[in-house]
Amino acid sequence: MKKSFPDKTDEEILGLRKRFYRFFTDIIMETIKIFSLTVKQVKNRCKIYNLSVIEEVEKSGRDYIIVTGHYGNWELAGAAISLAINHSLHVLYKPLSNKYFDRLIYKSRTKFGIKLISVKESFKKIHSLIGKKSAFAFISDQAAKPEKGYWTVFLHQDAPVFFGTELLSKKYNLPIIYISIKCIKRGYYEIYFEKLFDNPKNTQKGEITEKYTKRLEEDIINDPAFWLWTHNRWKHKKPKMEEKVS
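Residues numbered from 1 in each chain as written. Predicted model: local features only at pLDDT ≥ 70, side-chain atom pairs only at ≥ 80, totals over all residues. Heavy atoms only, no water.

Q: What is the right way to read the side chain of Ser122 from this model?
A: Among the structural elements, Ser122 can be located in helix H6 (residues 122-129). Residue Ser122 is classed as buried on the basis of its relative accessible area, which comes to 7%. There is a polar contact of 3.1 Å between the side chain of Ser122 and the backbone oxygen of Val119. Leaving out residues up to four positions away in the same chain, Ser122 has contacts with Leu92 and Ile117. (Helix = DSSP H or I, 4+ residues; strand = E, 2+ residues; numbered from the N terminus. Buried < 20%, exposed > 50% of the residue type's maximum accessible area, 1.4 Å probe, protein only. Polar contact = N/O pair within 3.5 Å; in protein donor to acceptor, adjacent residues only side chain to side chain. Contact = heavy atoms within 4.5 Å.)

Pasting the structure below:
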């Protein structure tokens, strides 16, 4: 946090850390709670605003991409969005090595209609779903491999970002919609949609990745406590003489 917010005092950083760990505990409990939530409870806990952004794209008959980060309760937000949209929501996930917990996570994430795509078969599976009223969700703030990621500056630090979202959006010209998740009180959230690109094929290399990364950064700066600081975002060091996109 100190590197991400160099202008904040030690006291302010300590306050943010305490708020984050309190929220982190809430997220664990809320994720467990999803197993017993009803559709009505999901909709009540996660209110969606300006759904018209999504509806406009769906009425045109196009598939699209949703991007967000590990901010707010992304699991609950995914459930609420799946219930609200008309397209099928497909989310990429990496199967866990522990089969028991993998089954639990799979059950939790698919309970409200989300369809999961293993990262190992993502490109092939997505290709088969194009043109079939599909929405693809990417949580795009995890650390990419240094040699394959797109390097940018994220919260004052060099960070490799996954480039697959940009590649897929340009290949199929899929509109990109950013999700902003706001915590209004413990266990309750608001979701706002923002179309970032309507015709990705017309963008420059790296433009899409920079845009959604900076948009997430804005949300984090607005209230840092609700981002997942524990997922070791800066574990990779930028190789010397590294190009912007490897």
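Now that the structure has been shown, the text picks up again.
Q: Would you mind going over unusual backbone geometry with me for this structure?
A: Backbone geometry follows two general trends: most residues other than glycine have a negative phi, and most peptide bonds adopt the trans configuration. Its identity is not glycine, yet Asn50 carries a phi of approximately 40°, on the positive side. Its place among the elements puts Asn50 in the loop between strand E1 (46-49) and helix H3 (52-59). When its relative accessible area of 32% is taken as the criterion, Asn50 is described as partly exposed. Positive phi, normally seen in glycine, also occurs at Asn173, with a value near 50°. By the element assignment, Asn173 lies in the loop between helix H7 (164-172) and strand E8 (176-185). We classify Asn173 as buried; its relative accessible area is 15%.

Q: Please clarify how a nonpolar patch on the surface should be interpreted in this entry.
A: Nonpolar side chains collect at one region of the surface, where Ile28, Met29, Ile32 and Phe35 lie side by side and expose about 380 Å² of accessible area between them. With respect to the helices and strands, Met29 occurs in helix H1 (residues 10-33). (Patch = residues over 30% accessible without salt bridge, like charges linked within 9 Å, V, L, I, M, F, W, Y side chains within 5 Å. Areas by Shrake-Rupley, 256 points an atom, 1.4 Å probe, with all protein chains shown as cover. Salt bridge = Lys/Arg side-chain N within 4 Å of Asp/Glu carboxyl O.)

Q: So what exactly am I meant to see when it comes to the pairing of strand E7 (residues 157-161) here?
A: A regular strand places its side chains so that they alternate between the two faces of the sheet. Most of E7 is tucked away: 4 of the 5 residues are buried. Alignment of strand E6 (residues 150-154) against E7, held across 5 bridges, turns out to be antiparallel. The partner of Phe154 across the bridge, within E7, is Gln157. (Pairing = 2+ DSSP bridges.)

Q: I'm lost on helix H8 (residues 207-222) in this one. Help?
A: In an α-helix, one turn spans 3.6 residues, which is why side chains three or four residues apart end up on the same side. Compared with the 22 Å implied by 1.5 Å per residue over 16 residues, the 23 Å span of H8 between its first and last C-alpha is a close match. Listing the buried residues of H8 in full gives Ile208, Thr209, Glu210, Tyr212, Thr213, Arg215, Leu216, Glu217, Asp219 and Ile220. As for H8, its buried residues are in contact with strand E2 (64-68), E6, E7, H7, E8 and strand E9 (188-197). (Expected span 1.5 Å × (residues − 1).)

Q: I'm lost on the packing of aromatic side chains in this one. Help?
A: Pairs of aromatic rings are described using the distance from one ring centre to the other and the angle between the two planes. Within the structure shown, the criterion is met by 13 aromatic pairs. Aromatic side chains Phe23 and Phe226 sit 4.8 Å apart centroid to centroid with 85° between the ring planes, which places their arrangement in the edge-to-face category. Placement of the pair is Phe23 in helix H1 and Phe226 in the segment after H8, with a sequence separation of 203 residues. The residues Phe23 and Phe226 share a single accessibility class, namely buried. Centre to centre, the rings of Tyr49 and Tyr192 are 5.2 Å apart; their planes meet at 15°, and the pair counts as stacked. Of the two residues, Tyr49 is situated in strand E1 and Tyr192 in strand E9; the sequence distance between them amounts to 143 residues. Taking relative accessible area as the criterion, Tyr192 reaches 28% and is therefore assigned partly exposed. What links up through ring pairs into an aromatic cluster is the set Phe5, Phe154, Trp227, Trp229 and Trp234. Its end group placed over the ring of Tyr188, Arg45 keeps NZ or CZ at 4.9 Å from the ring centre. (Phe/Tyr/Trp six-rings, centres within 6.5 Å; stacked < 30°, edge-to-face > 60°. Lys NZ or Arg CZ within 6 Å of the ring centre and 35° of its normal.)

Q: What is the right way to look at the environment of Glu194 in this model?
A: Within the secondary structure, Glu194 is located in strand E9. Using a relative accessible area of 29% as the deciding quantity, one classes Glu194 as partly exposed. Linking Glu194 and Lys238, residues 44 residues apart in sequence, is a C-alpha distance of 31 Å. With residues up to four places along the chain from it excluded, the contact list for Glu194 reads Ile176, Ile177, Tyr178 and Arg215. Separated by 2.7 Å, the side chains of Glu194 and Arg215 make a polar contact.

Q: What should I look at first to understand the pattern of salt bridges in this one?
A: Pairing between side chains of opposite charge can happen when the charged atoms of each approach one another. For the coordinates displayed, the defined rule picks out 10 salt bridges. The closest approach of N and O atoms between Glu75 and Arg109, which form a salt bridge, is 2.8 Å. Within this pair, whereas Glu75 is found in helix H4 (residues 74-84), its partner Arg109 is found in helix H5 (residues 99-110), the two being separated by 34 residues in sequence. Taking relative accessible area as the criterion, Glu75 reaches 17% and is therefore assigned buried. Relative accessible area serves as the criterion here: at 25%, Arg109 is assigned to the partly exposed category. Of the charged contacts, one joins Arg215 and Glu218 as a salt bridge, the two residues approaching to 3.7 Å between their closest N and O atoms. Residue Arg215 and its partner Glu218 are located together in helix H8, separated by 3 residues, close to a single helical turn. A relative accessible area of 14% means that Arg215 is categorised as buried. Bridged by salt links that share partners, the residues Glu194, Arg215, Glu218 and Asp219 form one connected network.

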